[in-house]
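Structure assessment
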Amino acid sequence: MELFIVEISRYVIILLFALYTFYSFRAFVGKNKDRQNRVFAAQRTLTVLIHGVMSALLIMENKSLTYVFLWAAELAFYFVFIKVYQVCYKGLSKLVLNNMMMCMMVGFVMLGRLSSRYAIHQIILASAAIAACIFVPLLIEKFKWIERFGWQYALLGILFLLLVFVIGVEKYGSRNWIQIGSVSIQPSEFVKILYVFFMSSLLAKSTKFKHIVLITCVAAVHVAILVAEKDLGAALIYFVTYLFVLYVATANVIYLGAGLGGGALAAIVAYRLFSHVRTRVYAWRDPWGRINDEGYQIARSLFAIGSGGFIGMGLGKGLPNSVPVVESDFIFAAISEELGGVFAICLIMVYLSSYIMFVNIAMKMKRQFYKLTAFGLSVVFIFQVFLCVGGVTKFIPSTGVTLPLISYGGSSVMTTIIIFSVIQGMYVLNEREVEHLEKEEEKGGGKKAGR
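The structure reproduced in this document is the subject of the present report. From a predicted model like this one, the values you see are computed outputs, not experimental measurements.

Focus on the packing of helix α16 (residues 341-364) against helix α17 (residues 368-392)
The geometry of α16 relative to α17 is characterised by a closest axis approach of 8 Å and an angle of 165° between their N-to-C directions. Classed by the angle they form, the pair α16 and α17 counts as roughly antiparallel. The handedness of the crossing between α16 and α17 is left-handed. On α17, the residues touching I348, Y351, L352, S354, Y355, F358, V359, A362 and M363 of α16 are K371, A374, F375, S378, V379, F381, I382, V385 and V389. A breakdown of the residues in the contact of α16 with α17 according to their chemical character gives 15 nonpolar, 2 polar and 1 charged.

Pasting the structure below:
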């Protein structure tokens, strides 16, 4: 009977998640508010159903009250913060909120599958992050002058990154962590937001060549520090984000071409100078030939993905713990193995729909600082997804970055929630400003008509 339930559940989960993904893109079609609200309501119902089916499988597999507690805690997390978020972010993008919560619920279940300790820790950190982000709209509204501090953001970010050379510890070959008691913090995750603020603030003020040269030099300092820390994934995210924000701010294709050329040259130099870069390239080129050495992790990841096929082995029926660091950098392999390739592809599409909505929000912004900030944060988000999925599937060399909102890690999940919240906060404030301007125009038109 248990095997029958697991078998049926594989198809049910895939069907429900495929339907959720369909609604993620259906929301872009048309402007009928009632129809869109029905789409968003359907998404939330599907999220609860998917989470319920997956949690039931974990309870049945482990036969422990711990997993009943996890199911209840995760469900409470979902309903409480959906309600609170909508109250605090009036006029928010419901698609972005739904996708954020959906990804976190998938993450909770997958982490619980690996270890109940991971899930409990992740719920606590996510709750703290969302609770703090409740105040983001108020801060953005009250502190409209936040765009003035471009150089200050850069200085604070650089100092924070440099802290790892003073009190940092090395993990997984990179010295990019700060250990405070039992708490580990990855500064590069939080500095990403300051880094985008720095670029957006200064590029919104001026796009003259001399100004751009100076901004580029400071941005290069951020990247150089990350390279020195051996945090290659973060270095790539910072570099690509700056490149695309610069292009959007200037609309100059020469800058984009020069940046891509410079990046390619820097990659060649890094390959020649740094042994850890060569190691990752060797593992990417031939993981099977080096399966007992540097290729072991990617080889195990490919085994897991291949074992899952299109519909997966069933939640709790795979061997995800055979992949090193599966709870963070390689959680996409665990998802592919147990939930299947179709589920994994749908997850990528959900990320993509969030990115499209982020770009739509950026395009609607009236103030250049808000526009560049929203776009820059969207690039940070989607490029991190690309690096993580690309590394796990051997599309590109592994760079050691996490899957946003799903992978285990306080710094990663908290930063991504902040990114979503900042974009939502700016979107809400922009909508209020546009509404105010429209009312002023209507009043002005009425006075002219009266005359």
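More follows now that the structure is in view.
Digging into the pattern of salt bridges
A complete count under the given rule lists 6 salt bridges for this structure. Note that E189 is salt-bridged to K192, the shortest N-O span being 2.9 Å. Taken as a pair, E189 and K192 lie in helix α9 (residues 187-205) at a separation of 3 residues, close to a single helical turn. Assessed through its relative accessible area of 9%, E189 is described here as buried. Here R290 and E294 are joined by a salt bridge, their closest N and O atoms 2.9 Å apart. Taking the relative accessible area as the measure of exposure, R290 reaches 33% and is therefore partly exposed.

Things to note about the packing of aromatic side chains
With the rule as written, the count across this model stands at 22 aromatic pairs. On the basis of an interplanar angle of 10° and a centroid distance of 6.2 Å, the ring pair of F17 and Y20 is categorised as stacked. Residue F17 and its partner Y20 are both found in helix α1 (residues 2-26); the two are separated by 3 residues, about one turn of the helix. Summarising the burial analysis for this pair, F17 and Y20 share the class buried.

Observations regarding unusual backbone geometry
Unusually for a residue other than glycine, K230 sits at a positive phi of about 70°. Relative to the elements of secondary structure, K230 occurs in the loop between α10 (209-228) and α11 (232-250). The partly exposed category is assigned to K230, whose relative accessible area is 34%. Of note, the phi angle at A251 is positive, near 60°, even though the residue is not glycine. Mapped onto the fold, A251 is located in the loop between α11 and α12 (253-273). Assessed through its relative accessible area of 62%, A251 is described here as exposed.

Let's talk about a nonpolar patch on the surface
Side chains of L155, L159, L162, L163, F165, V166 and I167 sit close together on the surface and give an oily, nonpolar patch of about 640 Å² of accessible area. For the nonpolar patch, the secondary structure elements donating two or more residues are α7 (150-162) and α8 (164-167). Its location among the elements puts L155 in helix α7.

Quick look at the environment of A283
When you line up the elements, A283 lands in helix α13 (residues 275-285). Overall, the relative accessible area of 8% leaves A283 in the buried class. In the structure, A283 is positioned 10 residues away from D293 in sequence and 8.6 Å away in space, judged by C-alpha atoms. Setting aside residues up to four positions removed in sequence, A283 forms contacts with E294, G295 and I298.

About the cut-offs
- Residues numbered from 1 in each chain as written.
- Predicted model: local features only at pLDDT ≥ 70, side-chain atom pairs only at ≥ 80, totals over all residues.
- Heavy atoms only, no water.
- Axes fitted to C-alpha atoms, helices over the stretch in contact; angles between N-to-C directions.
- Helix = DSSP H or I, 4+ residues; strand = E, 2+ residues; numbered from the N terminus.
- Parallel < 35°, antiparallel > 145°, perpendicular 65-115°, else oblique.
- Left-handed = near helix turned anticlockwise from the far one by under 90°.
- Contact = heavy atoms within 4.5 Å.
- Nonpolar A, V, L, I, M, F, W, Y, C, P; charged D, E, K, R; others polar.
- Salt bridge = Lys/Arg side-chain N within 4 Å of Asp/Glu carboxyl O.
- Buried < 20%, exposed > 50% of the residue type's maximum accessible area, 1.4 Å probe, protein only.
- Phe/Tyr/Trp six-rings, centres within 6.5 Å; stacked < 30°, edge-to-face > 60°.
- Patch = residues over 30% accessible without salt bridge, like charges linked within 9 Å, V, L, I, M, F, W, Y side chains within 5 Å.
- Areas by Shrake-Rupley, 256 points an atom, 1.4 Å probe, with all protein chains shown as cover.

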